[in-house]
Every structure is written in structure tokens, then in C-alpha cells.
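One-letter residues, chain by chain:
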Amino acid sequence: MTDRQDIWHHLKDHEVIPPQEVFARLRQMLESGDAVPGLSVQPPLERLQQYAVTPPAFLGRQIELRLGIRSRFLGRARWYLSAAACLVLVVAGWMVYRSYSGRENNVAVERKVRQSAAPVANVPLPADTLLKKDTPARVLAAAGTPKDTRSAPGAKISVRPVLSIEGQTISVTDNDLLVTFTSFTYPAIPAYLTRNTDKPLKINIDQYTHLYVSKNMLSMMKQTYEVLPNGKPARKAKKMKRRLDNWKEKDQKRFDKGSGANPLDPVDLGDFIFR
Amino acid sequence: MGLAETYNGGVETLFTAGGQARIRLVSLMRIQSIFMSTGDDEAKRFTIVKESGKDKYVSRLTEDEWKTYNKKYDGSVCKLTEDTSEVLNFKCKKAIVSLKNGKIITAWYTTAIQAPAFSFLEPAFSGVPGLVLKYEYTYKKKTIAYTATSISHAPIEKNVFKAPVG
């Protein structure tokens with residue numbers, strides 16, 4: 001007969017409110033925990049738990065917030081997790097930045113000084129005019145004062161049409177060294193551009209000057225010649241070529257056409273190449 | 001690796017003879033020269049020539065225009081120190097050139113060789129009492145350094161000092 005919900009509902013229709021004194025007496029007994037004749041020995045709260053109903057989620061959350069027990073713990077945990085995530089992101093970003101900026105090498109430029117008392121004409125120059133420190137510098141005194149000659153035509157504005165590299169002579173393309181070294185076509189690509197090396201490449205410009213191409217630059221130029229199995233330029237090669245072209249464009253924009261910036265000035269050059 | 005790599009390994013050659021001077025930079029990215037000559041009126045003339053590439057150009061500047069071109073060195077201070085360094089077997093002293101904007105160039109110079117023409121071509125070192133054989137400039141923790149590798153007194157062809165006409 002227990003838990004007959006149908007009977008319970010019917011009985012509820014006929015319920016009668018007990019007299020006030022009965023209600024007070026009953027309450028007193030329940031609060032004191034005294035045994036009530038005819039009732040179960042279970043304390044009232046435990047009996048009520050049989051009819052416990054789980055509150056809705058939103059109500060449960062509000063109860064927790066009101067109590068302030070579980071939410072505080074969750075809040076702290078969430079804060080720590082967020083802070084840790086931010087820290088990891090910052091550290092990762094810093095490491096990426098450092099590794100990128102670390103790849104940018106310092107730049108070294110040779111400095112050569114050619115000093116003579118007066119320029120001379122029609123004096124055959126030896127192939128290499130570099131003076132060894134133990135050779136007396138007396139060549140000029142023997143040459144005497146140069147004669148006045150008819151003004152020679154202005155020097156051509158151009159790089160020498162040929163360069164010398166490791167004993168080989170190569171023609172300069174478009175009057176531009178960078179273009180020359182990235183414009184070879186198969187099978188004419190020189191070995192010094194495709195081999196693996198740790199040494200810079202020496203290029204003889206003329207009797208006064210030679211140039212060194214750094215190993216990093218050699219590596220980049222080598223990339224422009226990578227090809228696919230079908231012989232077409234690889235994606236990496238095209239990307240590097242675009243990169244070099246982009247650098248050239250930026251360089252021209254900075255230093256050409258009356259820009260006011262001087263690439264022979266260390267401050268102008270340094271501020272530009274290291275920006 | 002950035003654009004700086006195209007200038008790495010470059011060579012700067014300074015020529016001087018009979019009051020004329022030229023400074024030339026040769027690098028993978030460009031070849032450029034600045035010529036200095038002295039006219040009959042004793043006035044100096046400067047010619048900037050870009051020698052490489054399809055688009056070559058020539059700029060001619062009077063002495064006043066050259067000073068304007070290098071106005072960032074106006075008011076710069078050159079401090080001579082007792083620090084020394086050896087370059088090409090020359091004992092060089094250290095000079096610190098401080099520009100008005102706070103930028104600093106550190107130079108090592110020798111008094112054993114005097115080349116006053118270069119002080120016009122390199123206004124950064126106009127206050128240095130000798131020939132600069134080494135110098136450095138640092139920007140954003142990266143340094144560009146120039147170090148002398150040779151000095152020659154051999155005769156120089158006259159055409160070396162002849163700036164292009166037109």
C-alpha cells in the first residue's frame with residue numbers, strides 16, 4: 001500500500017487542515033526529534049530526502065554561486081589556466097621573434113685605400129696593384145709629373161662587361177651583378193653557384209676591386225636554381241627570385257633618383273638594411 | 001636573412017690623387033661612386049654616379065649642395081679617445097662620432113697617413129685627424145663594419161677620377 005501515488009492524490013482532495021494546537025504539538029515533536037507514535041523512527045530530514053528532486057541546472061548554478069563554495073574553486077582554476085596559456089603564448093612568440101631576428105647577420109665591408117700623389121695617364125698597370133707592406137712605395141716618384149693630355153672621354157657609366165671568378169670569365173647581365181648570378185640557364189649554371197660551401201665567393205671586378213659574396217647569399221642564389229623533376233623552376237626557386245626582386249626594388253626606391261639617401265654613408269645604409 | 005646580405009662582403013675603395021678623390025662601393029646589390037674634384041675657382045664639386053643596373057644616373061652637386069646632402073652631420077661631435085686597435089699593422093686610435101640625433105659611429109684612425117680629400121667625401125669623419133681604417137655603425141643591435149684590407153700607393157689611372165659626362 002505504500003507509494004500509491006493514485007491514493008495519495010485522492011487523499012489530497014479530502015485533506016483537512018488540523019487544528020492549530022495539533023499542528024504546534026506535531027512541530028514541537030519533529031524539532032525535538034522525539035519519536036512520534038505511528039511515525040517512522042527516521043529523523044524528519046532524512047525522510048524528506050526520499051522525496052528529494054534534483055533542481056534544474058540554472059538553479060543549481062545559482063545555488064552554488066550563492067553558497068560561493070564550488071564556484072570559487074572553479075574561478076581560481078580558470079584564472080590559473082588562462083594565465084598559463086597567456087604565458088605560453090608570450091614565450092612562444094618571443095622565441096619565434098628571437099630566432100628570426102638572430103638570423104640577420106651583421107654586415108662586413110672591406111675598405112681599400114688607393115692613394116697616389118697625382119693621377120697618371122698611360123702608365124701600364126700591373127695586373128694586381130695591391131702593394132705588399134714590404135715593397136717600397138716609390139713607383140710614383142719615378143713616373144714623374146703626368147703630361148697634360150687631351151681630356152679623355154667621360155668614363156662610361158657601367159660595370160665592367162666581364163668578371164672573373166675562380167679563373168672563369170663571365171659576362172655581366174643587364175649591367176647588374178645580382179641579376180647576373182640569378183639569370184643563368186641550364187646547363188650553363190656555374191658550379192660555384194650550385195655546390196655546398198661554407199666559404200664566401202670571391203669575384204674580381206677590376207684591377208682595384210674584388211667582391212665577396214657571403215655564404216648566406218650564395219645559398220639564396222642557389223635556391224633560385226632549384227627545379228622540379230620536369231625541369232621547371234621549383235616553387236621555392238620562384239619564391240626566392242621574387243624575394244630578391246623585391247629587395248632590389250626597395251633598394252632602388254631608397255637610394256635612386258634623387259632620394260637624398262646615400263648608400264656610401266654608413267648611417268643611411270645601416271638604417272635601411274637593418275630596418 | 002634579409003636585404004642586408006646583399007651588401008655583406010661588399011668593398012669600399014677610396015682613391016685619391018692630386019686633390020681629386022673618389023669613393024666607390026661595390027656590392028652585389030649595387031655599384032656606386034662619389035667623385036670629388038676641385039675647379040679652377042677652388043670650389044669643390046661632387047658627382048654621385050650609380051654605375052650598376054639598367055637605370056643608371058648621375059647627380060652633380062656644388063659644395064653647398066653637398067653640405068645640405070650631408071646635413072645630418074651638422075653639429076656632430078667627434079670625441080678622440082686613447083683606445084687603440086691595430087689595422088693593417090697601423091696603430092689606430094679610436095674616435096667616437098656622435099650625431100645630433102644620438103646616432104654613433106665608432107672609428108679607428110691612423111695619423112700616419114693623411115688624406116684630407118677623404119674628409120670631404122666622408123663628412124662623418126671630417127673631425128677625425130687621420131685616415132680612418134675601420135669604422136662601425138650599429139642600428140637595432142645589428143652592426144655594419146668597414147675594415148681596411150689594403151693600402152696602395154701605386155699609380156692610378158686618370159680615368160678613375162673622371163666622372164661621366166652628361
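Treat the numbers as computed from the prediction; the structure is a model and nothing was measured.

> I'd like a description of empty space enclosed by the protein, backed by residues and values.
Enumeration according to the criterion identifies one cavity of 30 Å³ or more in this entry. Its boundaries defined by the atoms lining it, the largest cavity holds a volume of some 90 Å³. What lines the largest cavity is a set of 14 residues, and nearest its centre among them are L264(A), D265(A), L121(B), E122(B) and P123(B). In terms of residue class, the lining of the largest cavity is made up of ten nonpolar, two polar and two charged.

> Describe the interface of chain A and chain B, listing the residues and the values that go with them.
Taken together, the 83 residues of chain A in the interface contact 83 residues of chain B. Approximately 8100 Å² of surface area, both sides summed, lies buried where chain A meets chain B, with 59% of it carried by carbon and sulfur atoms. Linking chain A with chain B are ten salt bridges, by the criterion used here. D206(A) is the salt-bridge partner of R24(B), the closest N and O atoms lying 3.0 Å from each other. For the interface between chain A and chain B, the tally reads 26 residue pairs in polar contact (both at pLDDT 80 or more). Elements with a contribution of two residues or more to the side of chain A that touches chain B: strand 1 (107-115), helix 6 (139-143), helix 7 (177-181), strand 5 (210-213), helix 9 (215-223), helix 10 (235-255) and helix 11 (266-273) of chain A. For the side of chain A that touches chain B, the element with the highest residue contribution is strand 1 of chain A, accounting for nine residues. Examined bridge by bridge, strand 1 of chain A and strand 1 (residues 11-17) of chain B share six bridges and lie parallel to one another. Residue pairing across strands places K112(A) opposite T13(B), the latter belonging to strand 1 of chain B.

> An account of the packing of helix 9 of chain A against helix 10 of chain A is requested, with residue identities and associated values reported.
Two numbers describe a pair of packed helices, the interaxial angle and the distance between the axes. Residues and elements named next belong to chain A. In the contact formed by helix 9 and helix 10, the axes pass within 8 Å of each other and the chain directions differ by 125°. By the angle between their directions, the pair helix 9 and helix 10 is classed as oblique. Where helix 9 approaches helix 10, its residues M217, M220 and Q223 are matched on the opposing element by K236, A237, M240, R243, L244 and W247. Residue classes in the contact of helix 9 with helix 10 are distributed as six nonpolar, one polar and two charged.

Rules and cut-offs
Residues numbered from 1 in each chain as written. Chains lettered and ligands numbered in written order. Predicted model: local features only at pLDDT ≥ 70, side-chain atom pairs only at ≥ 80, totals over all residues. Heavy atoms only, no water. 1 Å grid on protein atoms, 1.4 Å probe; cavity = no way out; pocket = protein on both sides within 12 Å on 5 of 7 lines; lining within 4 Å. Points joined across faces, edges and corners; volume = space filled by probe spheres on them. Nonpolar A, V, L, I, M, F, W, Y, C, P; charged D, E, K, R; others polar. Contact = heavy atoms within 4.5 Å. Buried area = accessible area lost by both parts, 1.4 Å probe. Salt bridge = Lys/Arg side-chain N within 4 Å of Asp/Glu carboxyl O. Polar contact = N/O pair within 3.5 Å; in protein donor to acceptor, adjacent residues only side chain to side chain. Helix = DSSP H or I, 4+ residues; strand = E, 2+ residues; numbered from the N terminus. Pairing = 2+ DSSP bridges. Axes fitted to C-alpha atoms, helices over the stretch in contact; angles between N-to-C directions. Parallel < 35°, antiparallel > 145°, perpendicular 65-115°, else oblique.

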